[in-house]
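# Examination of the molecular architecture
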Amino acid sequence: MLVICVILIARVSERYTVVFDVTAQRSNSLSAAAEQALNRLGPGLEFVAFVPDLPVPRLQMERRLAPYLAHQTKPRLRYIDPLAAPDEAERLGAQRQGEVHLQINDRREVVIVPDRRRIDQALNRLGLRGDRWIVSLIGHGEMRVDDSPGGISRFAEHVERLGYRVVSLDPRRLERIPDNAAVLLLAAPQQPYGPQTLQLIKGFIAAGGRILWLDSDAAASTLADQFGMRRLPGIVVDASAARFGLDSPDHAIVETIPAVLIPRPVSQPTTLYRASAVDIAPHEGWQLIASLRSSSMSRNETGELSGRLRQDADAGERMGPLTVGAAFERDDGSMPAARMVYLGSPHIMRNAQIGQLENTATLLGLVHWLTENTALVTTDESPDTRIHWSPVFGGILAIFLMGALPAIYLGIGILLRLRRRRAGV
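Below you will find a few notes about this structure. As the structure is a prediction and not an experimental result, all values here were calculated from the model.

### What to know about unusual backbone geometry
Positive phi is not limited to glycine here, since K74 has a value of about 55 degrees. Locating K74 in the fold gives a position in the loop between helix 3 (55-69) and strand 2 (76-80). A positive phi angle, near 45 degrees, is found at L357, a position not held by glycine. Here L357 is to be found in the loop between strand 17 (338-343) and helix 9 (359-370). Exposure remark for L357: the relative accessible area of 22% places this residue in the partly exposed category.

### Notes on the pairing of strand 8 (residues 210-214)
A large share of strand 8 lies buried, amounting to 5 of its 5 residues. Residue alternation in strand 8 divides its side chains into two sets, R210, L212 and L214 and I211 and W213, and both sets are buried. Here strand 7 (residues 181-187) pairs with strand 8 via 4 bridges, running parallel. Paired with A187 across the strands is L214, a residue of strand 8. Bridge analysis of strand 8 against strand 17 gives 5 bridges, and the strand direction is parallel. Bridge pairing links L212 to V341 in strand 17.

### With respect to the sheet that holds strand 7
Two pairing modes exist for strands in a sheet, parallel and antiparallel, and in both the strands are linked by backbone hydrogen bonds. In space, the 7 strands of this open sheet follow the order 6-5-7-8-17-16-14, with mixed pairing throughout. The sheet is open, and its two borders are formed by strand 6 (165-169) and strand 14 (286-293), each paired with just one other strand. Taking each pair of neighbouring strands and ignoring which way they run, the sheet shows an average axis angle of 20 degrees.

Parameters and conventions
- Residues numbered from 1 in each chain as written.
- Predicted model: local features only at pLDDT ≥ 70, side-chain atom pairs only at ≥ 80, totals over all residues.
- Heavy atoms only, no water.
- Helix = DSSP H or I, 4+ residues; strand = E, 2+ residues; numbered from the N terminus.
- Buried < 20%, exposed > 50% of the residue type's maximum accessible area, 1.4 Å probe, protein only.
- Pairing = 2+ DSSP bridges.
- Axes fitted to C-alpha atoms, helices over the stretch in contact; angles between N-to-C directions.

Written as C-alpha cells, this is what we have:
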C-alpha cells in the first residue's frame, strides 16, 4: 500500500502543479499589464520560440514563459528549431536563436530578447484595439518630434513602446486625415489653422475621430467655436507646487485624475507648466466626461511673477480649483463616438517636462482613453526596479554604507585582535 501511494502521488504531481510566489515584488507572477492584456486577448494566443532541440535552452524558455502559459486563457508554446528547420524560421522572419513570436489571429509581435518587460510590452501591443497611428499635424508652428527640449520625441518613444506609431503630416497637403489615424495630435499650433485644415479636423471629428489638443494662443478661437471653451486671462499659479519640489509657482498641480480617464490611480500629481485655465460650456452634442482641476491653492495670474503675488479680481483673476484640462465625447448614434482631450499647457508633452512627477503616466493614460484602451496599463516599468526612497532616507543610507559600516568592520577587527593578544594567541 505504501508503494502504491507513493506511485499515485508521483503521478498526480506530474499532472497537477501548485505554484506559490513568495517574492515581495511578485517577480514570478504575471504583472498587471500582462494579466490585463491576456484577459483582453482571450484564448488562441501562441508563443513561438526559436530554440534548438536541446534540453537546457528549452527548459529555460519554459521557465521564463511559465507565468504566461499558466494563465486561464491557456496560451500555447510551440518550438521551432532554426537549425533543423531553417526554411520555416526564415519564412516566419526569425532573426536569431532564442527569440519569441507572439501571435493571435493575424496579429504578431516579435520579441528578440525575451524577458519579462519586453514580453509584457508585446502583449500590451497585441491587446490594443483599433488603429495605431497618432498623426501629429505640422506646418503651423506645432511642436516637432525631435530631441530638442521643446520637442516631443520622448512622448513618441513612450507611446511607440505601447504599440502606437507617431507620424507627422502637413494638413495643407492632405485631402483627408488618414483612415488609420487613431488620434489626431494638435501640438500647440502657433499660427491659426486655415479653412482647409479646419475642414479636415471637422471631417475627422464627424467620422468619430479622436483628438488630443494642446493649448496655444492660436488655438483659443477654435476651441471656443468647436467645443464651447473660453480661456481665462493669464496663466495658472499654484502655491502647492513647492510641496513637490518645484521652484516656480507657475505649475498647475493636478492631484487627482478622474478614474473614468485613468482607472489605475497615479502615485504623484500631474503638473502643467504655465497652463491656461478655461470655462467650459459644451456645445450641443458634446458631453463633458471629466475635467482636470488645479489645487485649491491656485489661481490665474495676469501680472508679472515677481515679488508678492496678489489677486486682482478686476483683471479676471479667480481662486482655484481651476479647470486646466478636459475630456469630451460626442455620440450621435450614427458613427463611433468622437472624443477630444484638451490640455491647457503644451509643456506637459515637451522633452523637458514630460518626466516631471506623473506627467508621462497621465499622457499615456489619456491616449489610452481616446483609443478606448483604458484596460491596459500605461507604464512599461518593471515593478522589480521601483525603489521609493525619500532624499533623507537615501542620504542616511549612503552615510551608513560608506562611513558607519566600514567603521563597524574596522572596530570589530581591532577588538578581535586585542582579545587574541590578551589570550596569547
